[in-house]
Every structure is written in structure tokens, then in C-alpha cells.
Amino acid sequence: MPKAKEFTVKIEDKPGALGKCFLALAEQGVNILAFQSYVEEGESLTRFLADKMDTARTVLGNLRMIFEETDVVVVKLPHQPGTLGRASARLGESQVNVDYSYCGFEPGSAQVLIVFGVDNLTKAAGVLDGLASAGV
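Residues numbered from 1 in each chain as written. Predicted model: local features only at pLDDT ≥ 70, side-chain atom pairs only at ≥ 80, totals over all residues. Heavy atoms only, no water.

**Let's talk about the overall build of the chain**
Okay, so step 1: Within the chain, the regular secondary structure consists of four helices and six strands.
Okay, so step 2: In the chain, the succession of α and β elements from N to C terminus is β-α-β-β-α-β-α-β-β-α.
Okay, so step 3: Dimensions along the principal axes, computed over C-alpha positions, put the chain at roughly 40 × 35 × 25 Å.
Okay, so step 4: Contacts spanning at least 24 positions in sequence make up 68% of the contacts within the chain whose residues lie at least 6 apart.
Okay, so step 5: Accessible surface for the chain amounts to roughly 7300 Å². Of this, 50% is attributable to carbon and sulfur atoms.
Okay, so step 6: In the chain, the 13 positive side-chain charges and the 17 negative ones have mean positions that sit 4 Å from each other. (Helix = DSSP H or I, 4+ residues; strand = E, 2+ residues; numbered from the N terminus. Contact = heavy atoms within 4.5 Å. Areas by Shrake-Rupley, 256 points an atom, 1.4 Å probe, with all protein chains shown as cover. Lys, Arg positive; Asp, Glu negative; His and termini not counted. Charge placed at Lys NZ, Arg CZ, Asp CG, Glu CD.)

**Side note on helix H4 (residues 121-133)**
Working note: α-helix, 3.6 residues per turn, so residues spaced by three or four point in the same direction.
Okay, so step 1: Between its first and last C-alpha, H4 extends 18 Å over 13 residues, near the 18 Å set by a 1.5 Å rise per residue.
Okay, so step 2: Every buried residue of H4 is accounted for by Ala124, Ala125, Val127, Leu128 and Leu131.
Okay, so step 3: Looking at the packing, one finds that the buried side of H4 touches strand S1 (3-12), strand S4 (66-78), helix H3 (83-93) and strand S6 (111-118).
Okay, so step 4: For H4, the N-terminal cap is Asn120; the gap from its side-chain oxygen to the backbone nitrogen of Thr122 is 3.4 Å. (Expected span 1.5 Å × (residues − 1). Buried < 20%, exposed > 50% of the residue type's maximum accessible area, 1.4 Å probe, protein only. Polar contact = N/O pair within 3.5 Å; in protein donor to acceptor, adjacent residues only side chain to side chain.)

**Brief notes about the packing of H3 against H4**
Okay, so step 1: At a minimum axis separation of 10 Å, H3 and H4 run at an interaxial angle of 140°. As summarised for this structure, H3 and H4 are arranged oblique, according to the angle between their axes. The handedness of the crossing between H3 and H4 comes out as right-handed. In this structure, H3 contributes Arg86, Ala87, Arg90 and Leu91 to the contact, and H4 contributes Ala124, Val127, Leu128 and Leu131.
Okay, so step 2: Classifying every residue of the contact of H3 with H4 gives six nonpolar, no polar and two charged. (Axes fitted to C-alpha atoms, helices over the stretch in contact; angles between N-to-C directions. Parallel < 35°, antiparallel > 145°, perpendicular 65-115°, else oblique. Left-handed = near helix turned anticlockwise from the far one by under 90°. Nonpolar A, V, L, I, M, F, W, Y, C, P; charged D, E, K, R; others polar.)

**Comments concerning the confidence of the model for the chain**
The predicted coordinates ought not to be read in detail in places where the model reports low pLDDT.
Okay, so step 1: Averaged over the chain, the pLDDT score is 90; the fraction of residues at 70 or greater is 98%.
Okay, so step 2: For the chain, the element scoring lowest by mean pLDDT is H4, at 84; helix H2 (residues 53-62) scores highest, at 97. (pLDDT = per-residue confidence, 0-100.)

This is the structure:
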């Protein structure tokens, strides 16, 4: 699963707005695999991976939310000390710049999903595939 699509959604920065979005997704059976949310210039920006992208797209559209889909790389690695550091270092050694990252969990597994927004998807996917194959 090295390459994937994430949603970046602009959500009003007020109590309950994030919950409303995520509950609407859940009501349609969409599971959020990983996410990050932060406030920038008075708006909450939320990035997330969903297990049912088409359904999530429909829900976000029905809520009239402003969103975009972005290509990212995702790697499944053991949840243990040093994993994120090794993955990030390996990307750097390959001259891939990490613009942002966040984590989630693989459903039914002890593995962590690490999501990277990077400047070179193809190179990053190859690097992370090798890391995952090595079981780091």
C-alpha cells in the first residue's frame, strides 16, 4: 500500500465541527484509518485516510465541505520504538523531503500506518516498500 489518496478537509474551527464530519462518515460505514487535524488561519484543516474513499467523497460532498484529494505514501510497520525514525531517516538518505506525516493503525493488526506527504511519491514508495519488506 505504498501510494494512497488522502482527504484534506477544511472544517470550521468550532466545538463539534470535527465530530460532525467524522460521525457522518461513520454513519455511512467509513472507517478513518489515520488522521491529523490542526488550526490554520481560523480554519481546522484535517487530513485523513479512509477505508472507503468513494463513500467518503460522497459524504463530504453531501455535507458541502471543501476538500481535496492528495497523493501520499503509506507504509505499514511494527509499532515499536525507532520505527518512525528509521522510516524518516531512510527517506532523507534517498533525498526525499517529508512535507508532513501522521500515523494511524492497521485494522485488526498491531502494525502502525505511517502516512507521508512527500516531494517524490515514486521514490518514496520504493524506499518504504523496501523498509516494510525488511520488517523494520
